[in-house]
Amino acid sequence: MKRTTLAVAIVGLLFAGTAVSSSHREAPLITQTPKVDGTDFYMFRSYESGRVGYVTFLANYDPLQDPNGAPNYFTLDPKAVYEIKIDTNGDAVPDITYQFRFQNNYQNRTIAVHGVRVAVPLSNIGPFGPAPMGAEGNKNLIETYTVTSIRGNSAPVLATNVSEGGGSTVFRKPFDNIGTKSIPEYEAYANHHIARIGLDGCSGSRVFVGQRQEGFAVALGKVFDLIHLNPVGAPNANTNEVAGKNITTIALEVPISCLTTGGSPIIGAWTTASLPKFANGSGAFMTQVSRLGAPLINELIIGLPDKDKFNASQPHDDAQFATYVTNPTLPALIEALFPSVKAPTKFPRTDLIAAFLTGVQGLNQPTGVRPAEMLRLNTSIQPKPAASQNTLGVLGADTSGFPNGRRPGDDVVDIELRVAMGALLPSADAPSGQLPYTDGAAIKATDFRNIFPYLNTPLPGATDGTATVAHQ
């Protein structure tokens, strides 16, 4: 096979991994355990009215959920530990960890069949909601979770459910959006599961875990077909082909004052998921199987032999992956696919080190930072309301957006394509660096809710609430 043909094939594979969202099915092993597949991670100054003193974290798991994915839908894994980890001093070690653990409480509902009580195969036996405990007897599954805070070397502390008086440490996860007949008022039902949480004395913190509509945007089919589109065309030329999917979101909102414990306004964060070391779920030791900070790293930067290793690794040890950043393969592959486009010629790629490993000096780089892959956020930069946000973030002169954290409306595909091709380099080092690279699937902040948890209400499995009675 000629070099050009091989490069085209590799580019297609790389973008195919990207196309199913920013970290969906990004490594061989994680495809076997979708419930712990971290897909997108967001961290931003809250821009909901009255909440600008808070930071919102959104960790998405379990990719590509079909709204009509009956009958068992998309519970999270009760054997797993899902975590949001925060570095407050730039040393690439978590200073604050929030752990989420889930429990599936099956009710084993029965109905009478000719005088015999028989267990039903469905997730519910009648409509329920909008209150979390509304029509409790109709639910065949109730999913709950706990949140544990670990600060430095302190002992883990269970968070309390302030919305239920503060005496409970259990929170409810809303059932997935089965359809309008089962849950007639889904948005109200889900909103009732947004809870005030007693977390480290951090007044006003909120939590929500539940299904949301997929928030990523990508021209899926065209990208799969060897980028069968104009990569410098209109930013809205193509359809967002994952818009019809749902996702499961772990959302947490915490006051800035509870996060900037190291004296610096800059924090770094990432999300991980871990499973028991033994396949039968036994043993106290957990194995990390998913890791996600900045989007697209494991798809477009890390080479295939190291994808599973990256998912199991810690940011503190990221020096082992440095060559993938300093000498990236993607620009060379794009040049092979589109010969008129020239890849950057400057090596090592110090611009990518700033974008992905250290934060950008003067924007979100901590003092004495240890290079490590994670999202970084300068919490002293004021948030912008949705209508004023630039979808290109810092590239669009909006310093409250990616790579200074990440908001739902930041078009990270377009941003990272442009940065990879040299948007941050002088033209002498990146002859094609200022081209407006895009996949053509548009996204903007006003596509989403402007209130916590920001991502939209999930798509229903069915919308016709009428029933047809069969004639005898």
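See the structure above.
My aim in this report is to walk through the structure given alongside it, one point at a time.

Definitions and cut-offs
- Residues numbered from 1 in each chain as written.
- Predicted model: local features only at pLDDT ≥ 70, side-chain atom pairs only at ≥ 80, totals over all residues.
- Heavy atoms only, no water.
- Pairing = 2+ DSSP bridges.
- Helix = DSSP H or I, 4+ residues; strand = E, 2+ residues; numbered from the N terminus.
- 1 Å grid on protein atoms, 1.4 Å probe; cavity = no way out; pocket = protein on both sides within 12 Å on 5 of 7 lines; lining within 4 Å.
- Points joined across faces, edges and corners; volume = space filled by probe spheres on them.
- Nonpolar A, V, L, I, M, F, W, Y, C, P; charged D, E, K, R; others polar.
- Phe/Tyr/Trp six-rings, centres within 6.5 Å; stacked < 30°, edge-to-face > 60°.
- Buried < 20%, exposed > 50% of the residue type's maximum accessible area, 1.4 Å probe, protein only.
- Salt bridge = Lys/Arg side-chain N within 4 Å of Asp/Glu carboxyl O.

## Side note on the sheet that holds strand β1 (residues 38-45)
Step number 1: Reading across the sheet, the 6 strands line up as β1-β2-β13-β12-β11-β9 and stay open at both edges, with antiparallel pairing between neighbours. Pairing within the sheet leaves two strands with one partner each, and these edge strands are β1 and β9 (160-161).
Step number 2: For strand β12 (residues 206-213) and strand β13 (residues 246-255), the ladder comprises 8 bridges, and the chain directions are antiparallel. The residue of β13 that forms the bridge with G210 is T249.

## Brief notes about empty space enclosed by the protein
Empty space among the atoms can be located by rolling a probe the size of a water molecule over them.
Step number 1: Taken as a whole and judged by the stated rule, the model has 10 cavities of 30 Å³ or more.
Step number 2: Looking at the largest cavity, its volume works out to about 110 Å³.
Step number 3: Around the largest cavity, the lining comprises 17 residues; the ones closest to its centre are L141, E143, K173, P174 and F175.
Step number 4: At the level of secondary structure, the elements contributing two or more residues to the lining of the largest cavity comprise β7 (141-151) and β10 (171-173).
Step number 5: At 3 residues, the largest contribution of residues to the lining of the largest cavity is made by β7.
Step number 6: Partitioned by chemical class, the residues of the lining of the largest cavity number 9 nonpolar, 3 polar and 5 charged.

## Quick look at the packing of aromatic side chains
Step number 1: Per the counting criterion, the structure on display carries 13 aromatic pairs.
Step number 2: Geometrically, the ring pair formed by F100 and Y145 is tilted, given 6.3 Å between the ring centres and 35° between the ring planes. Of the two residues, F100 is situated in strand β4 (residues 96-106) and Y145 in strand β7; the sequence distance between them amounts to 45 residues. Here F100 and Y145 have matching classes, each one buried.

## Focus: the environment of P127
Step number 1: Mapped onto the secondary structure, P127 falls in the loop between β6 (116-119) and β7.
Step number 2: Relative accessible area serves as the criterion here: at 44%, P127 is assigned to the partly exposed category.
Step number 3: Along the primary structure P127 and N138 are separated by 11 residues, whereas in three dimensions their C-alpha atoms are 6.6 Å apart.

## Quick look at the pattern of salt bridges
Step number 1: Within this structure, the stated rule accounts for 20 salt bridges.
Step number 2: K173 is paired through a salt bridge with D176; the nearest N and O atoms lie 3.7 Å apart. There is no split in this pair, since K173 and D176 are both buried.
Step number 3: Two residues, K384 and D398, come together in a salt bridge whose shortest N-O distance is 3.9 Å. Pair noted here: K384 is in the loop between β16 (375-378) and α9 (412-420) and D398 is in the loop between β16 and α9, with a separation of 14 residues, a long-range link.
Step number 4: Judged by its relative accessible area of 1%, D398 is buried.

## Examining the pairing of strand β3 (residues 81-87)
Step number 1: Burial analysis of β3 places 7 of its 7 residues in the buried class, which makes it a mostly covered element.
Step number 2: Side chains V81, E83, K85 and D87 of β3 all project onto a buried face; the interleaved residues Y82, I84 and I86 project onto the opposite face, where all are buried too.
Step number 3: Pairing of β3 with strand β14 (residues 266-276) involves 7 bridges; the strand directions are antiparallel. Among the inter-strand pairings, K85 is bridged to a residue of β14, identified as W270.
Step number 4: One ladder, built from 5 bridges, connects β3 with β4; its direction is antiparallel. Residue pairing in the sheet places Y82 in a bridge with F100 of β4.

## Section: unusual backbone geometry
Step number 1: With omega at 10°, the peptide bond leading from F402 into P403 counts as cis.
Step number 2: Positionally, P403 belongs in the loop between β16 and α9.
Step number 3: Residue P453 is bonded to the preceding F452 through a cis peptide linkage, with omega at 5°.
Step number 4: Here P453 shows up in the segment after α9.
Step number 5: Positive phi, normally seen in glycine, also occurs at Y73, with a value near 55°.
Step number 6: Although it is not a glycine, A92 adopts a positive phi angle of roughly 70°.
Step number 7: As for its position among the elements, A92 is in the loop between β3 and β4.

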